[in-house]
Each structure stands twice: as structure tokens, then as C-alpha cells.
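A look at the structure
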Amino acid sequence: MVDAGVQLMIPSITNFDYHATLIMPTEGKQTLQLPFSSFRQMWSAPVPWTGTDVVAIALMVSNFQPLDFAYNIDHIGFYKAEDAQE
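Since we're looking at a predicted model, the values are computed, not measured.

Looking now at the environment of Met24. Within the secondary structure, Met24 is located in the loop between strand 2 (19-23) and strand 3 (56-62). Residue Met24 is classed as exposed on the basis of its relative accessible area of 52%. Taking the C-alpha atoms as reference points, Met24 and Gly5, 19 residues apart in sequence, are found 7.9 Å from one another.

Let us look at a nonpolar patch on the surface. On the surface, Val54, Ile57, Leu59, Phe69, Tyr71, Ile73, Ile76 and Phe78 cluster together into a nonpolar patch covering about 740 Å² of accessible area. Note on placement: Leu59 falls in strand 3. Overall, the relative accessible area of 40% leaves Leu59 in the partly exposed class.

Quick look at the sheet that holds strand 1 (residues 3-9) now. Hydrogen bonds between backbone groups are what pair the strands of a sheet, and the pairing can be parallel or antiparallel. Strand order across the open sheet formed by three strands is 2-1-3, with antiparallel pairing between neighbours. Looking at the sheet topology across the chains shown, the edges are occupied by strand 2 and strand 3. Across the sheet, the mean angle separating the axes of adjacent strands is 25 degrees when strand polarity is ignored. As paired elements, strand 1 and strand 3 share seven bridges and run antiparallel to each other. Each bridged residue has a counterpart across the sheet, and for Asp3 the counterpart in strand 3 is Ser62.

Scanning the model with the defined rule gives three aromatic pairs in all. Pairing Phe16 with Tyr18 gives two aromatic rings, centres 6.3 Å apart and planes at 85 degrees, and the pair type is edge-to-face. An angle of 40 degrees between the planes, with centres 5.4 Å apart, marks the rings of Phe36 and Trp49 as tilted. Pair noted here: Phe36 is in the loop between strand 2 and strand 3 and Trp49 is in the loop between strand 2 and strand 3, with a separation of 13 residues, a long-range link. When its relative accessible area of 25% is taken as the criterion, Phe36 is described as partly exposed. Under the relative-accessibility criterion, Trp49 is labelled partly exposed at 29%. Every member of this aromatic cluster is reached through a ring pair, and the members are Phe36, Phe39 and Trp49.

Cut-offs and rules
- Residues numbered from 1 in each chain as written.
- Predicted model: local features only at pLDDT ≥ 70, side-chain atom pairs only at ≥ 80, totals over all residues.
- Heavy atoms only, no water.
- Helix = DSSP H or I, 4+ residues; strand = E, 2+ residues; numbered from the N terminus.
- Buried < 20%, exposed > 50% of the residue type's maximum accessible area, 1.4 Å probe, protein only.
- Patch = residues over 30% accessible without salt bridge, like charges linked within 9 Å, V, L, I, M, F, W, Y side chains within 5 Å.
- Areas by Shrake-Rupley, 256 points an atom, 1.4 Å probe, with all protein chains shown as cover.
- Salt bridge = Lys/Arg side-chain N within 4 Å of Asp/Glu carboxyl O.
- Pairing = 2+ DSSP bridges.
- Axes fitted to C-alpha atoms, helices over the stretch in contact; angles between N-to-C directions.
- Phe/Tyr/Trp six-rings, centres within 6.5 Å; stacked < 30°, edge-to-face > 60°.

The following block contains the structure:
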């Protein structure tokens, strides 16, 4: 089993426990919609999420065995809070 996910990196988090959400890899293409409300820190005291200071988006894969995989990204889009549809 592979743990894959997306992390939103902000400068005020210095212990690498960024706001993250897990995704399930599948065969073939997927369209993912990841609302900011689905992102959580995993192990440390929570740093409040504001959405105003994201400096990087990281795609992560955790697996301790050699793994052949690929991320192919066609489009990444962002929205303002007033445009969110949850």
C-alpha cells in the first residue's frame, strides 16, 4: 500500500507537519477536488490555517519499497473563499 498526498507548505510550520490530505492512487487518470477544509496536520500542535501564506505545494509518496509511479498534472486551480463550493 502506498500513502500519497498533497501538502501545503507555510513558513510558520518549522517541524514539517504541514497541512496535508491523503489521496488514493488509482490506475488511470483522476480528477481530484481537494477543499482546504480537508487538509490537516498529522502529529503536532495545530498551526491555524489562513490560506494566505502558502509558499509551496508538495506531492508526497510514502513507501519503504522501490516503487514505479508517476504524477502527471494537467492543471492546478485555486479559488477564493467566496467561490468555494463545499
